[in-house]
Amino acid sequence: MMFNMQIQDLQPNYDVVIVGGGQAGLCISHYLQKAGIDHVILEKESELTHSWRSKRWDNFTLVTPNWQCLLPEHPYNGNDPDGFMKKNEIVEYLDDFIEKLNPPVLLNVQVNHVAKIAPQHFEIKTSFGTTTAKQLVVAAGGYHTPIYPKLSDQVPEQVLVMHSEQYFNVEQLPEGNVLVVGSGQSGAQIAEDLHLAAKKVYLSTGDAPRCARFYRGKDVVKWLYEMGYYETTVKDHRYSEEVRNSTNHYVTGRDGGRDIDLRKFALEGMRLLGRFEDYKDGQFVFRPDLIQNLDMADATYNRINASIDDYIEKNNIVTEEPASVYQPLWQPEQEITHINLVEENITSIIWCIGFRPDYSWIDLDIFQTNGYPKHDRGITVDPDVSFIGLPWLNTWGSGRFMDVAKDAEFIADHLTQRLNVTPQHISSTIPSLA
């Protein structure tokens with residue numbers, strides 16, 4: 001189904017080179033094709049949208065409702081707009097987009113080095129030769145290098161250790177109990193997946209917030225959309241650019257969508273712990289902050305619901321479900337700071353503590369000390385270099401199916417101006433939600 005140019009078709013020159021064949025790079029290609037701009041997508045994997053296919057667990061679902069899937073000229077058109085697509089449905093949605101787009105792409109091409117040798121002249125060295133471009137678009141995301149903590153001792157070889165992107169299902173794990181480290185979206189959902197499969201789970205929590213799935217008769221995402229939250233830009237956000245470093249709220253779209261309440265899991269036998277600190281002398285060491293982590297997550301949960309209550313009251317909206325405040329179902333009796341690997345029969349560990357960016361192949365002075373590019377809506381301090389697909393590039397939806405098309409259209413307009421191309425074909429093709 002995917003269009004695949006042959007390797008020998010790598011041209012010596014392009015107007016635009018897009019690095020990365022995920023949904024962000026594909027959206028850029030959509031608008032460049034509309035404008036008749038010469039470009040190519042260079043994708044290091046053997047397939048487009050590789051992460052969706054090969055780096056998500058089997059029971060993965062979207063955590064945002066299907067109506068938010070708004071790729072250009074390709075809105076969700078299924079019969080469950082308020083549902084949450086499963087992994088295979090997401091891949092089908094993307095495949096249909098790729099088939100429509102028929103993008104100019106080279107697969108299995110690793111970009112090794114990018115340098116700027118003159119104005120609007122990038123030299124791009126790849127695993128299959130060198131090409132040049134007037135404009136560079138980096139659509140490779142920001143999640144490159146899995147983070148593993150530094151440990152005082154080495155975990156015994158017989159313990160299976162993996163990162164969240166390597167987890168697919170419980171059958172991968174040996175007999176025995178599992179330690180999941182990290183309670184962000186991936187950690188909380190993987191812990192739930194294992195818990196539902198009757199695996200004994202030890203979950204090391206962090207400062208990830210949580211939110212309700214449904215409140216007062218409607219998906220919380222729908223409420224927040226109506227309240228204008230998703231139109232808030234980085235510049236207007238109360239945390240400004242710091243919001244780009246925030247941890248996503250944990251919630252799930254599984255089985256039609258529901259809250260993830262770690263306290264409920266604890267009542268059902270999951271062992272909750274504070275933030276992971278170290279492995280030493282055969283013991284896992286945790287901070288005594290479990291109570292704090294749970295309370296902070298619940299406070300965010302209640303604060304979001306309270307903001308919905310205020311919106312309902314100010315707009316005289318009638319709902320059958322009254323306002324409510326979450327009350328903890330369970331409280332830790334004590335803070336456990338050490339557990340013995342052997343005594344607790346922990347035979348596997350899943351690290352869910354995120355990723356670091358790796359743009360080492362980009363030899364350009366456009367990065368901040370944290371490794372991320374300095375940019376405004378994806379346009380970096382070098383106007384010939386753009387990024388797309390990063391969290392909060394401009395709005396909450398920038399790294400997601402909802403607003404990536406808006407970002408792509410904005411960047412495509414910028415590229416058109418830089419290349420002095422008459423933007424006769426670029427127009428807003430983003431579906432209305434009305």
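Residues numbered from 1 in each chain as written. Predicted model: local features only at pLDDT ≥ 70, side-chain atom pairs only at ≥ 80, totals over all residues. Heavy atoms only, no water.

Description of the sheet that holds strand 17 (residues 283-286)
- A sheet is described by the order of its strands in space; here 3 strands give the open sequence 16-17-18, paired in antiparallel fashion. Since the sheet does not close on itself, it has two edges, and those belong to strand 16 (276-280) and strand 18 (338-340), each with one partner. Geometrically, the sheet is characterised by an average inter-axis angle of 20° between neighbouring strands, direction not taken into account.
- Sheet topology note: the strand 17/strand 18 ladder contains 3 bridges and is antiparallel. Bridge assignment links Gln283 to a residue of strand 18, and that residue is Asn340. (Pairing = 2+ DSSP bridges. Helix = DSSP H or I, 4+ residues; strand = E, 2+ residues; numbered from the N terminus. Axes fitted to C-alpha atoms, helices over the stretch in contact; angles between N-to-C directions.)

Quick word on empty space enclosed by the protein
- Overall, the coordinates contain 2 cavities of 30 Å³ or more when judged by the stated rule.
- By volume, the largest cavity amounts to about 40 Å³.
- Lining the largest cavity are Trp57, Asn59, Phe60, Thr61, Gln189, Glu192, Thr252 and Arg254.
- Residues belonging to the lining of the largest cavity are distributed by class as follows: 2 nonpolar, 4 polar and 2 charged.
- The volume enclosed by the second largest cavity comes to roughly 30 Å³. (1 Å grid on protein atoms, 1.4 Å probe; cavity = no way out; pocket = protein on both sides within 12 Å on 5 of 7 lines; lining within 4 Å. Points joined across faces, edges and corners; volume = space filled by probe spheres on them. Nonpolar A, V, L, I, M, F, W, Y, C, P; charged D, E, K, R; others polar.)

What about the pattern of salt bridges?
- Using the criterion set out here, one finds 21 salt bridges in the structure.
- Ionic pairing is found between Lys34 and Glu73, a salt bridge with its closest N-O pair at 2.7 Å. Here Glu73 lies in the loop between strand 3 (70-71) and strand 4 (74-75) and Lys34 lies in helix 1 (residues 23-35), a separation of 39 residues in the sequence.
- In this structure Lys34 comes out as partly exposed when scored by relative accessible area, which is 28%.
- Relative accessible area serves as the criterion here: at 37%, Glu73 is assigned to the partly exposed category.
- Between Asp295 and Arg263 there is a salt bridge, with its nearest N and O atoms 2.9 Å apart. Taken as a pair, Asp295 in helix 7 (residues 290-314) and Arg263 in helix 6 (residues 262-267) lie far apart in primary sequence, 32 residues in all.
- Each of Lys116, Asp382, Asp384 and Arg418 takes part in a single network of salt bridges with overlapping partners. (Salt bridge = Lys/Arg side-chain N within 4 Å of Asp/Glu carboxyl O. Buried < 20%, exposed > 50% of the residue type's maximum accessible area, 1.4 Å probe, protein only.)

Describing helix 1
- When the terminal C-alpha atoms of helix 1 are compared, their 19 Å separation across 13 residues agrees well with the 18 Å that a helix rising 1.5 Å per residue should span.
- Within helix 1, 11 of the 13 residues are buried, which leaves it mostly tucked inside the rest of the structure.
- Looking one or two places after helix 1, you find Gly36, whose phi comes out positive at around 70°. (Expected span 1.5 Å × (residues − 1).)

Some points on a negative patch on the surface
- A surface patch of negative charge is lined by Asp80, Asp82, Glu89, Glu92, Asp96 and Glu99.
- The residue Asp96 is located in helix 3 (residues 87-101) in this model.
- Among the residues examined, Asp96 registers a relative accessible area of 38% and is labelled partly exposed. (Patch = residues over 30% accessible without salt bridge, like charges linked within 9 Å, V, L, I, M, F, W, Y side chains within 5 Å. Areas by Shrake-Rupley, 256 points an atom, 1.4 Å probe, with all protein chains shown as cover. Lys, Arg positive; Asp, Glu negative; His and termini not counted. Charge placed at Lys NZ, Arg CZ, Asp CG, Glu CD.)

Let's talk about the confidence of the model for the chain
- Across the chain, pLDDT averages 92, with 93% of residues at or above 70.
- A low-confidence stretch, residues 1-8 (pLDDT under 50), is modelled with 22 contacts involving residues beyond four sequence positions or located in other chains.
- Scored below 50 in pLDDT, residues 425-434 makes 29 contacts in the model with residues more than four places away or belonging to other chains. (pLDDT = per-residue confidence, 0-100. Contact = heavy atoms within 4.5 Å.)

Notes on the packing of helix 1 against helix 3
- Orientation of helix 1 relative to helix 3, taken along the N-to-C sense of each, is 25°, at an axis distance of 11 Å. Regarding the angle of helix 1 to helix 3, the classification is roughly parallel. Considering only the axes of helix 1 and helix 3, their crossing is left-handed. Contacts between helix 1 and helix 3 involve Gln23, Leu26, Cys27, Ser29, His30 and Gln33 from the first element and Leu94, Phe97, Ile98 and Leu101 from the second.
- By residue class, the composition of the contact of helix 1 with helix 3 is 6 nonpolar, 4 polar and no charged. (Parallel < 35°, antiparallel > 145°, perpendicular 65-115°, else oblique. Left-handed = near helix turned anticlockwise from the far one by under 90°.)

Some thoughts on the sheet that holds strand 19 (residues 346-351)
- Strand order in the open sheet made by the 5 strands is 10-19-11-12-15, with parallel pairing throughout. Whereas interior strands pair on both sides, the edge strands pair on one side only; in this sheet they are strand 10 (160-163) and strand 15 (271-273). With strand direction ignored, the average angle separating the axes of adjacent strands in the sheet is 20°.
- Alignment of strand 10 against strand 19, held across 4 bridges, turns out to be parallel. Its bridge partner being in strand 19, Leu160 is matched across the sheet by Ser348.
- Along the sheet, helix 4 (residues 185-196) makes contact with strand 11 (177-181), strand 12 (201-204) and strand 19, crossing strand 12 at roughly 170°.

A look at helix 3
- Between its terminal C-alpha atoms helix 3 stretches 21 Å, which fits the 21 Å expected from 15 residues at 1.5 Å a residue.
- When helix 3 is considered as a whole, its buried residues turn out to be Lys87, Ile90, Val91, Tyr93, Leu94, Asp95, Phe97, Ile98 and Leu101.
- Backbone geometry just downstream of helix 3 places Asn102 in the positive-phi region, at approximately 45°.

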